[in-house]
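Listed here are the chains, written in short residue letters.
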Amino acid sequence: MAAALCTIGGARAGADELRPYTVVGDAIPAPLTGAPGDPERGRAIVGNRQVGLCLLCHTGPFREEHFQGNLAPDLTGAGARASAGQLRLRIVDASRLNPDTIMPPYYRVDGLERVAANFRGKSILSAEQIEDVIAFLVTLKD
Amino acid sequence: MTEIAFAFRCVLSSVLIGTTLAAAGEIPMSERRSGYDMMSADTKAMQDDDTANPASLWVLEGETLWSTKTTNNKSCADCHGDTAQSMKGIAARYPAFDTKLNKPIDLGQRINLCRAEHQNATPFAPESRELLALTAFVARQSRGSPIVQDDPKMQPAIAAGRALFEQRLGQLNLSCAQCHDDNWGKQLAGSTIPQAHPTGYPIYRLEWQSLGSLQRRLRNCLFGQRTELYAFDAPEMIALEAFLMWRARGMPMDAPGVRP
């Protein structure tokens, strides 16, 4: 992975503004928000097929969810395999780690084609939701 | 239709993306499998038995409409006669190029043309019960017929459909090919990803509890990608249909199918 140091801002008049963030190597070390994320809320987001969508593709430690995907690695142990910063870049825009990835860019609004009107200019998750998801993923140590 | 270019796009990563675009892996002809092939034994049995296949209701209704005369005293049967003869293999080669309109049309549009031109009647709305019934009745006559898509005049539509199939779309930034070429057979939550061969349309989809066209099925996938939908019968929809039929060329029709 090319170690790039670059900042993107999703600012566009009239649209939900994305907060700027800084990529360092394969990570976004600094949280997107001032307040820390909440792991309970993060778990609910990851487990929700309309909100996080994660279990469409991933399996994970969610015994109550009977239908989980097998298009992507099991999320069990994700917090042991990667740092919070690495997880943050993965969720924000996984295409920076693997340009061919099928994992959607959760915090990006540019470079997308024909987005449905109700989602246009909006990222899949908000900065707060992403911090909640990170707070949950880092608890998945084994 | 990318919106306004963004201010601080990371140059390095866009170069990276530009150079490593992998071509979607096309499914070799010998490995093609229809949605039917991938269904559970129960769902296959439901499709195979006309008395259990819920689509039979529409087929019967279509048969009635087929011989119903309109205001100009013409029924489909008056001109086309015995469907088992006249309509055999027809659904297997639509969309087809209409020389009068000078554009490709799908089977539903063809039936509506006959209604307007030959029956002096108002065309049925897309996805209306009547249009689905007639389409199902006509498509039923193609059971077992191999899909044909070899008219050179269809090439531009097939090429446009292929481009759409391979393009990432919507808020989720996924292409059809990423699921249906690259990940078929895997689980998207509870659903097995099929190869997307349109052999069974119109289908009775258990999730819809109703009959629906190929266009409706495509809209479901576009909706899932969070893509702005194309209108029914838009050139993009016909192009996607044409490409999918070309991609499934030679495969036998099993319409009207039952699908999960």
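Along each chain, the written sequence defines residue order, and numbers are assigned to residues from 1. Labels are handed out in written order, letters beginning with A for the chains and numbers beginning with 1 for the ligands. This being a predicted model, a pLDDT of at least 70 is required before a residue's local features are given, and a value of 80 or more before pairs of side-chain atoms are given or counted; all residues contribute to the totals for chains, interfaces and linings. Heavy atoms throughout the structure, all of them, feed into the side-chain values; hydrogens and water do not.

S.K.: How should helix 11 (residues 235–247) of chain B be read in this particular structure?
M.R.: Within an α-helix, residues lying three or four positions from one another point in the same direction, as the helix has 3.6 residues per turn. Residues and elements named next belong to chain B. Look at helix 11: 18 Å from first C-alpha to last across 13 residues, which is about the 18 Å you get at 1.5 Å a residue. Note on exposure labels: buried denotes an accessible area under 20% of the residue type's maximum, exposed denotes more than 50%, and partly exposed covers the range between, all computed with a 1.4 Å probe on protein chains only. Here a strand is any run of E in DSSP of at least two residues, a helix any run of H or I of at least four, and the numbering for each starts at the N terminus. In terms of burial, helix 11 is largely enclosed, as eleven of its 13 residues are buried. Taken as a whole, helix 11 has its buried residues at M237, I238, A239, L240, E241, A242, F243, L244, M245, W246 and R247. Where helix 11 is buried, its residues meet strand 2 (103–105), helix 6 (107–118), helix 8 (155–166), helix 9 (176–180) and helix 10 (214–224). One fewer than the residue count of a helix, multiplied by 1.5 Å, yields its expected span. Note on definitions: a residue-residue contact is assigned when non-hydrogen atoms from the two residues lie within 4.5 Å.

S.K.: Is there a simple way to explain unusual backbone geometry in this structure?
M.R.: Most peptide bonds are trans, and most residues other than glycine sit at a negative phi. Residue and element names in this part refer to chain B. Cis geometry marks the peptide bond from Y201 to P202; its omega dihedral reads 0 degrees. Tracing the backbone through its elements, the reader meets P202 in the loop between strand 4 (191–192) and strand 5 (203–205). The omega torsion of the bond from A255 to P256 falls at -10 degrees, within 30 degrees of zero and hence cis. Considering the arrangement of structural elements, one finds P256 in the loop between helix 11 and strand 7 (258–259). Despite not being glycine, N73 has its phi angle at roughly 65 degrees, a positive value. Position of N73 relative to the elements: it lies in the loop between helix 3 (56–66) and helix 4 (76–80). You will see that A189, though not glycine, has its phi angle at about 45 degrees, which is positive. Of the residues examined, A189 reaches a relative accessible area of 3% and is grouped as buried.

S.K.: Is there a simple way to explain the domain arrangement of chain B in this structure?
M.R.: How big an interface is tends to be stated in terms of accessible area lost as the parts join. Residues and elements named next belong to chain B. Partitioning chain B into domains gives domain 1 (3–13 + 31–49 + 147–259) and domain 2 (56–140). Each side of the interface is counted separately: domain 1 has 25 residues, and domain 2 has 21 residues. Here domain 1 and domain 2 share an interface that buries about 1800 Å² over both sides, 71% of which is from carbon and sulfur atoms. If you sort the residues of domain 1 by the area they bury against domain 2, K153, L211 and I238 come out on top, with a joint share of 26%. Salt bridges are counted wherever a side-chain nitrogen of Lys or Arg sits within 4 Å of a carboxyl oxygen of Asp or Glu. Taken together, the connections running from domain 1 to domain 2 amount to zero salt bridges. Contacts described as polar in this section are N or O atom pairs within 3.5 Å, which, within protein, must combine one atom able to donate a hydrogen with one able to accept it, while residues neighboring in sequence count only if both atoms come from side chains. Joining domain 1 to domain 2, the criterion identifies four residue pairs in polar contact (both at pLDDT 80 or more). Among the secondary structure elements, those contributing two or more residues to the side of domain 1 that touches domain 2 are strand 6 (210–212), helix 10 and helix 11. The element that contributes the greatest number of residues to the side of domain 1 that touches domain 2 is helix 11, accounting for four residues. Just so you know the grouping, Ala, Val, Leu, Ile, Met, Phe, Trp, Tyr, Cys and Pro go in nonpolar, Asp, Glu, Lys and Arg go in charged, and all remaining residues, Gly too, go in polar. Its residues placed into classes, the side of domain 1 that touches domain 2 shows 15 nonpolar, five polar and five charged. Domain delimitation follows an automatic or database domain assignment. A quick way to say it: buried area is the sum, across both parts, of accessible area lost when two parts are put together, with a 1.4 Å probe.

S.K.: Looking at this structure, I do not really get empty space enclosed by the protein. What am I missing?
M.R.: If a probe as big as a water molecule is rolled over the atoms, it shows which places are left empty. Residues and elements named next belong to chain B. As defined here, a cavity is a set of points on a 1 Å grid over the protein atoms alone where a 1.4 Å probe fits but cannot get out. A pocket is an open set with protein on both sides within 12 Å along at least five of seven lines, and residues line them when an atom is within 4 Å of a point. Grid points are joined across faces, edges and corners, and a volume is the space filled by probe spheres set on the points. Evaluated as defined, the whole model comprises five cavities of 30 Å³ or more. Of the volumes computed, that of the largest cavity is approximately 360 Å³. Lining the largest cavity are 24 residues; nearest its centre among them are D106, G108, T135, S213 and E241. The set of elements that each furnish at least two residues to the lining of the largest cavity consists of helix 6, helix 7 (129–140), helix 10 and helix 11. When residues in the lining of the largest cavity are grouped by element, the largest group, four residues, is from helix 6. Here the residues of the lining of the largest cavity are counted per class, giving 14 nonpolar, six polar and four charged. Taken domain by domain, the makeup of the lining of the largest cavity includes at least three residues from each of domain 1 (3–13 + 31–49 + 147–259) and domain 2 (56–140).

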